[in-house]
Amino acid sequence: MISAQNLTKSYGTFTAVDGVSFSVRKGEIFGFLGPNGAGKTTTMKMIQCVSPRSGGTLSVFDLDPDEHPAEIKRRIGVVPQETNLDPDFTCEGNLLTYARYFDISAPLARRRTDDLLAFVQLLEKRNVAIEKLSGGMKRRLILARALVNSPELLILDEPTIGLDPQARHLVWERLKALQAQGSTIVLTTHYLDEAARLCDRLVIMDNGRILEEGAPPDLVRRHAGEEIVEVDKTDTVITCLKGMDVPFEVAGDAVLVSTDRAHEIARILLERCRPRKMLTRPATLEDVFLKLTGRRLRD
Amino acid sequence: MNLSTLLAIPRVTPRAWHVWRRNLLVFVKTWQVNFFPPFVEAFLYLLAIGVGIGTYVKEIDGTPYVNYIAPAILAIAVMNSAFFECTYGSYVRMYYQKAFDAMIATPLSIEDVIAGELLWGATKSVMYVLIMLCVLSLFGVLVLPISLLVIPVALIGGLMFAALAMCFTSVTPSIDALNYPSFLFITPMSLFAGTFFPLALLPPIFGYVALTLFPLTHIVAIFRMFTLAALSWTMVLHLTWIASVTAILCVLAINLMRRRLIV
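Structure report, in brief. Because the structure is a prediction, the values reported are computed rather than measured.

1. Things to note about the overall build of chain B
Looking only at helices and strands, chain B features eleven helices and two strands. From first element to last, N terminus to C terminus, chain B shows the α and β order α-α-α-β-β-α-α-α-α-α-α-α-α. Taken over C-alpha atoms, the radius of gyration comes to 19 Å for chain B, in line with the 18 Å a tight globule of 263 residues would show. Taking the principal axes of its C-alpha atoms as reference, chain B extends roughly 60 × 40 × 35 Å.

2. Some words on helix α2 (residues 16-29) of chain B
Taking 1.5 Å per residue as the helical rise, α2(B) with its 14 residues ought to reach 20 Å, and the 21 Å between its terminal C-alpha atoms agrees with that figure. Restricting attention to buried positions, one finds in α2(B) the residues B:A16, B:H18, B:V19, B:R22 and B:N23. Against α3 (91-101) of chain A together with α5 (99-104) and α6 (110-138) of chain B lie the buried residues of α2(B).

3. Examining the sheet that holds strand β4 (residues 55-60) of chain A
Residues and elements named next belong to chain A. Strand order in the open sheet formed by three strands is β2-β1-β4, with antiparallel pairing between adjacent strands. In this open sheet, the two edge strands, each paired with only one partner strand, are β2 (14-24) and β4. Between one strand axis and the next, the sheet turns by 25° as a mean value, whatever way the strands run.

4. Some words on the pairing of strand β9 (residues 209-214) of chain A
Within a regular strand, side chains alternate between the sheet's two faces. Residue and element names in this part refer to chain A. In the sheet, strand β8 (residues 201-206) pairs with β9 via five bridges, with the strands oriented antiparallel. Its bridge partner being in β9, D206 is matched across the sheet by R209. Linking two consecutive strands that pair antiparallel, namely β8 and β9, is a turn of two residues; a positive phi of about 50° is found at N207 within it.

5. Some points on the packing of helix α7 (residues 150-171) of chain B against helix α11 (residues 234-261) of chain B
Residue and element names in this part refer to chain B. At a closest axis distance of 8 Å, the pairing of α7 and α11 adopts a crossing angle of 30°. With respect to α11, the element α7 is oriented roughly parallel. Helix-helix and strand crossings are classified by hand; for α7 and α11 the assignment is left-handed. Side by side, α7 and α11 meet where I156, G157, L159, M160, A163, L164, M166, C167, S170 and V171 of the first sit next to I242, A243, V245, T246, L249, C250, L252, A253, L256, M257 and R260 of the second. In terms of residue class, the contact of α7 with α11 is made up of 17 nonpolar, three polar and one charged.

6. Notes on the interface of chain A and chain B
Every contact between the two is made by 21 residues of chain A and, on the other side, 18 residues of chain B. Counting only elements with at least two residues in the side of chain A that touches chain B, the list comes to α2 (69-74) and α3 of chain A. Across the side of chain A that touches chain B, the residue classes tally to eleven nonpolar, four polar and six charged.

Calculation criteria
Residues numbered from 1 in each chain as written. Chains lettered and ligands numbered in written order. Predicted model: local features only at pLDDT ≥ 70, side-chain atom pairs only at ≥ 80, totals over all residues. Helix = DSSP H or I, 4+ residues; strand = E, 2+ residues; numbered from the N terminus. Rg over C-alpha atoms; globule rule 2.2 N^0.38 Å. Expected span 1.5 Å × (residues − 1). Buried ≥ 20, exposed ≤ 12 C-beta atoms within 10 Å, placed from the backbone. Contact = placed C-beta atoms within 7 Å. Pairing = 2+ DSSP bridges. Axes fitted to C-alpha atoms, helices over the stretch in contact; angles between N-to-C directions. Parallel < 35°, antiparallel > 145°, perpendicular 65-115°, else oblique. Left-handed = near helix turned anticlockwise from the far one by under 90°. Nonpolar A, V, L, I, M, F, W, Y, C, P; charged D, E, K, R; others polar.

What follows is the structure in structure tokens.
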């Protein structure tokens, strides 16, 4: 579906995307993870043919975005990070107007609009103005708008940003349903539970480069081990761990140990180091993410 | 961006009409509000300047004053409706509504979007001129049916001012900065382009400036030939000026907007 080799985007002296290579297969949900400013959105924009690349090769549906932007754009649906619904139209009007940009005939556009409003559960809001919608409704309408041309490839930039848990679950469920119908989906997110739940494969980006690539469970196993022992940070605990020669990481007022033998380590800690508070839990994508991209604040 | 890229002929497809249609639909939805201003404006100008000042001025070069300014009212409407649509109107759609971003995620290119906006600006000029023509005809201040020829000229003149406006929109740092071209260029032009008094009254330098730099001068001159049924061969010169400037400005406007929006 998409293949990029050494894809680069620079603005003057600043390199937003610094030679990334990846490929997205038909029918999968592919994620781009990374802190703010990692280059995820810029990569999406190059795939969407709205931002020309500075270097490397890129092909979408085996077409070059520089050569065939209209052909590619006709076959993709885009959910942008920013809500850019047309405030001069109702929900229905937004979908109908957008369908026209794809040269979709009026009767077909009306049929699709009905189906899509039902799909995102906004049928009863059909004639409501955009400014009267809640944030969650707007995101759902944008999802419906992205589907108006029945795209083979759906690109979502932070699809559930600012949504309440109910709306997030609805969006996830809809994306899974679309995948089941054969759509290929590319998304960016910094919600790691979202990535772990949805993505078949993902890449973790930082500073314009891809740090890791793989299926979420593999990445967790590779970088964070099976389990995490989390202990309150005290001098005794730290001395203790150093004595045991166990690698650990300090995060705020907690100490994290990634390990395959959590029980054993927890037992030793309990017996010898008098921890104030301790828990063991399965390792998650979040542990991988923080390990790879660091805990330094971005922006 | 060098001169050759700025003047390269942009690739515009018929999809530009989708953008035009979107703006038309929004305009029609609130048609009462939109059709009212040109009506009122025509009345106000005719009463205040035509009848009011006309009482003292009586006539210019043998033409009753109110008849003399009637074509200027039409020409200023062409200028204002297209210019303000493609400055403030387009800027709001581009910057606040992010409408252009949404559009270029579809098969529409940025060239299509801007071309659609320009066509819409020109269409608005034509609609305003049509409404004002009705009012002015009621007052009997123009010669019919020859005055109807202002309509096609309003279309190309509207396109010229839409493109001029879009050039400013493409470089403006903020919506407030659009006030500069409005007050420093558009307002003086509506007063010193042979609108309410002949340019010959002023020192010759004013006339030269108006003819070379003020697009409105040429529109007023052509409109006046039609509404007074006083044709002259100089119309060819005015039309040539308008056609060349319109072509250049349209190309510039599209390429400048591309430079602003496609990064």
